[in-house]
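Spelled out from the first residue to the last, the chains are:
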Amino acid sequence: MQSNEVILSVNNLVKDFPLGQSAKSNVMRAVNDVSFELKKGEALAIVGESGSGKSTGARILTRIYDETSGNISFKGVPLNTYIEQNGALEYARQVQMIFQDPFGSLNPVHTIYHHIARPLLIHKRAAKEAVPQLVYDLLELVGLSPVKETAEKFPHELSGGQRQRVAIARALAVDPEVILADEPISMLDVSVRLGILNLMADLKDKHGISFMYITHDIATARYFAEKTAVMYVGHMVEWGASDNVTQNPQHPYSKLLLSAVPEAGKAGRRELMVKKGDIPLWKPDSVGCPFYMRCPNASEQCQTQMPEPVQIAPEHFARCHNL
Ligand SMILES: Nc1ncnc2c1ncn2[C@@H]1O[C@H](COP(=O)(O)OP(=O)(O)OP(=O)(O)O)[C@@H](O)[C@H]1O
Ligand SMILES: [Mg+2]
């Protein structure tokens, strides 16, 4: 159920964090000039190693953090204006987040019923007497039947995959437009990961929900998301249609990520070899390409000048001086 309606539009997003207690000017740049669009019913995967700024971007979109600079629009309206016109609670309803650790995001003293009924009541989605049936419908939708028995359980009585389904049902309870899924399957048993991805794909395709899917795993990005953005040290280094980015990667960092994906028939995953000190601490006055120190093709220009985006195909861009 994809359409051309742009739900989220992010332009030149920047986020600085202070470094320690020292002078105000001593900051690190966790997100640097990030721009993308998310359309209705579309999934954008954000792929990158630890510390690349993926979660920080999602936290800005849920308003946990303020951006340092840049523009965000929601349904064509600048975010601040949207919130002035419709309220912060309405935006919080429309943009939901699900996390890596489904156990940590559920309250151990409450039943599954409570977890899903609560947002329905807070956001006044239904009259009180209609809530039980809505809770059961949501449990059914996320594949947690028998619904009444599941509703009576506590989080510890469910498996990791079932708990993540509860977290998804809770997000769906408020009828959101967007779900920001921050590594939603990485803590789950391998055997249940595909089920969660397929559930999210159903919500996207049949219910028109847009997803930002944050992951370390470029293989699942391609499986689930129409679009992929590869991030490195807060920068988008390659982005476009997932098929283009994953089948014809142009940036040496994307190539490295793909080389770590296990091939069919070969056991194990090759670890990315990173020397300590090879990943720069990015600051507002840093120059050059962030991948310079790890790049096999780096030239002097790479050390001093940030590459501009190069268009490789209609839906494929990368920032590299060697393209
Ligand atoms: N609240 C904060 N205060 C200071 N620095 C922060 C804060 N949150 C994140 N950072 C820093 O910003 C950078 C990006 O962090 P972020 O959590 O966004 O990375 P990530 O891509 O989500 O990594 P991971 O894959 O490990 O979850 C890191 O260097 C991190 O230390
Ligand atoms: Mg993260």
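The structure presented is a predicted model; accordingly, all values stated were derived computationally and were not measured. (Residues numbered from 1 in each chain as written. Chains lettered and ligands numbered in written order. Predicted model: local features only at pLDDT ≥ 70, side-chain atom pairs only at ≥ 80, totals over all residues. Heavy atoms only, no water.)

Turning to the sheet that holds strand β2 (residues 27-39), a few remarks are in order. Backbone hydrogen bonds hold the strands of a sheet together, and the pairing may be parallel or antiparallel. Sheet architecture is open: 4 strands sit in the order β2-β1-β4-β5, paired in antiparallel fashion. The open sheet has two free edges, formed respectively by β2 and β5 (77-78), since each of these has just one partner strand. Sheet topology note: the strand β1 (residues 6-18)/β2 ladder contains 9 bridges and is antiparallel. Paired with L8 across the strands is L38, a residue of β2. (Pairing = 2+ DSSP bridges. Helix = DSSP H or I, 4+ residues; strand = E, 2+ residues; numbered from the N terminus.)

On to the packing of helix α4 (residues 112-122) against helix α5 (residues 131-141), then. Relative orientation of the contacting elements α4 and α5 amounts to 115°, with a least axis distance of 10 Å. Handedness of the crossing formed by α4 with α5: right-handed. Every residue of α5 that contacts α4 at I112, Y113, I116, A117, L120 and L121 is listed here: V131, P132, L134, V135, L138 and L139. For the contact of α4 with α5, a count of residues per class yields 12 nonpolar, no polar and no charged. (Axes fitted to C-alpha atoms, helices over the stretch in contact; angles between N-to-C directions. Left-handed = near helix turned anticlockwise from the far one by under 90°. Contact = heavy atoms within 4.5 Å. Nonpolar A, V, L, I, M, F, W, Y, C, P; charged D, E, K, R; others polar.)

Sheet analysis places strand β10 (residues 235-241) next to strand β12 (residues 316-319), joined by 3 bridges and oriented antiparallel. Looking across to β12, one finds that W239 is bridged to F317. Inspection of the sheet shows strand β11 (residues 309-313) paired to β12 by 4 bridges, in the antiparallel sense. Counterpart to P309 in the pairing with β12 is R319. Counted between consecutive antiparallel strands, the loop separating β11 from β12 contains 2 residues.

Moving on, we get to the environment of A167. Structurally, A167 can be placed in helix α7 (residues 160-172). Assessed through its relative accessible area of 3%, A167 is described here as buried. For A167, the residues in contact, after removing those within four places along its chain, are I98 and S105. (Buried < 20%, exposed > 50% of the residue type's maximum accessible area, 1.4 Å probe, protein only.)

Three or more residues of α5 are buried, namely V131, V135, Y136, L138 and L139. Within α5, the buried residues cover an arc of 160° as seen down the axis, which keeps them to one side. Of the residues one or two after α5, G143 is the one with positive phi, at around 80°. (Arc of directions from axis to C-beta.)

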